[in-house]
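# Examining the three-dimensional arrangement
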Amino acid sequence: MGNVQSIEKAVEGLPPSELAEFRRWFAEFDAAAWDAQLEADASAGKLDALAAEALAEYEAGKSREI
């Protein structure tokens, strides 16, 4: 059995209180991983084109305050 299947089985076997605790932990873990990836992408310039496009639209008057 692979790691993912082992983890799935372990999660399926958790009692409700531990499942809730696991969900909270995983949500925080996943958010931190997302933040780290976003920071890495920004540092590598992968978002520069999107930023330039947004600024161009703003400067062209194609934006509105929200």
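Everything below is about the structure printed above this text.
Heads up: these notes are all about the structure in this document. Predicted model only: the values in this text are computed from it and were never measured.

### Some words on the overall build of the protein
The secondary structure content of the protein amounts to three helices and zero strands. In terms of its C-alpha atoms, the protein occupies a principal-axis envelope of roughly 55 × 30 × 15 Å. By residue count, 2% of the 66 residues in the protein fall in the buried class. Counting every atom, the protein has about 6,000 Å² of accessible surface; 58% of that belongs to carbon and sulfur. Measuring between centres, the 6 positive side-chain charges of the protein sit 6 Å from its 14 negative side-chain charges.

### Details of the packing of aromatic side chains
What characterises a pair of aromatic rings is the spacing of the ring centres plus the angle enclosed by the ring planes. This model, assessed by the stated rule, comprises five aromatic pairs. Ring plane angle 55° and centroid distance 6.2 Å describe the contact between W25 and F26, whose orientation is recorded as tilted. Note on F26: relative accessible area 37%, which makes it partly exposed. Here the aromatic rings of F26 and F29 are separated by 5.9 Å at their centres, their planes lie at 40°, and the arrangement is tilted. Of this pair, F26 and F29 both sit in helix α2 (residues 16-43), separated by three residues, roughly a single helical turn. Given a relative accessible area of 45%, F29 falls into the partly exposed group. Ring pairing ties together the aromatic residues F22, W25, F26 and F29, which thus form one cluster.

### Quick notes on the pattern of salt bridges
A full pass over the atoms with the stated rule returns one salt bridge. In this structure, K46 engages D41 in a salt bridge whose closest nitrogen and oxygen atoms are separated by 3.8 Å. We classify D41 as buried; its relative accessible area is 18%.

Reading the values: rules and limits
Throughout this document, residue positions are counted from 1 along each chain, in the order its sequence is written. In keeping with the predicted nature of the model, local features appear solely for residues at pLDDT of at least 70, side-chain atom pairs appear and are counted solely at 80 or more, and the whole-chain, interface and lining totals rest on all residues. The basis for every side-chain value is the complete set of heavy atoms in the structure, and neither hydrogens nor water enter the calculation. Elements are defined by DSSP. Helices are runs of H or I of four residues or more, strands are runs of E of two residues or more, and each kind is numbered from the N terminus. Only protein chains enter the accessibility calculation, which uses a 1.4 Å probe. A residue is then buried if its area is under 20% of the maximum for its type, exposed if over 50%, and partly exposed in between. In these tables, accessible area is a Shrake-Rupley quantity obtained with a 1.4 Å probe, and a residue counts as shielded only by the protein chains included in the view. Note that His is not counted, nor are the chain ends; the positive residues are Lys and Arg, and the negative ones are Asp and Glu. In this description, the location of a charge corresponds to atom NZ of lysine, CZ of arginine, CG of aspartate or CD of glutamate. Aromatic contacts are taken between Phe, Tyr and Trp rings whose centres are within 6.5 Å, Trp giving its six-membered ring; a plane angle under 30 degrees counts as stacked, one over 60 as edge-to-face, and the others as tilted. Throughout this description, the term salt bridge denotes a Lys or Arg side-chain nitrogen within 4 Å of a carboxyl oxygen of Asp or Glu.

None of the figures reported here should be taken as evidence of function without further support.
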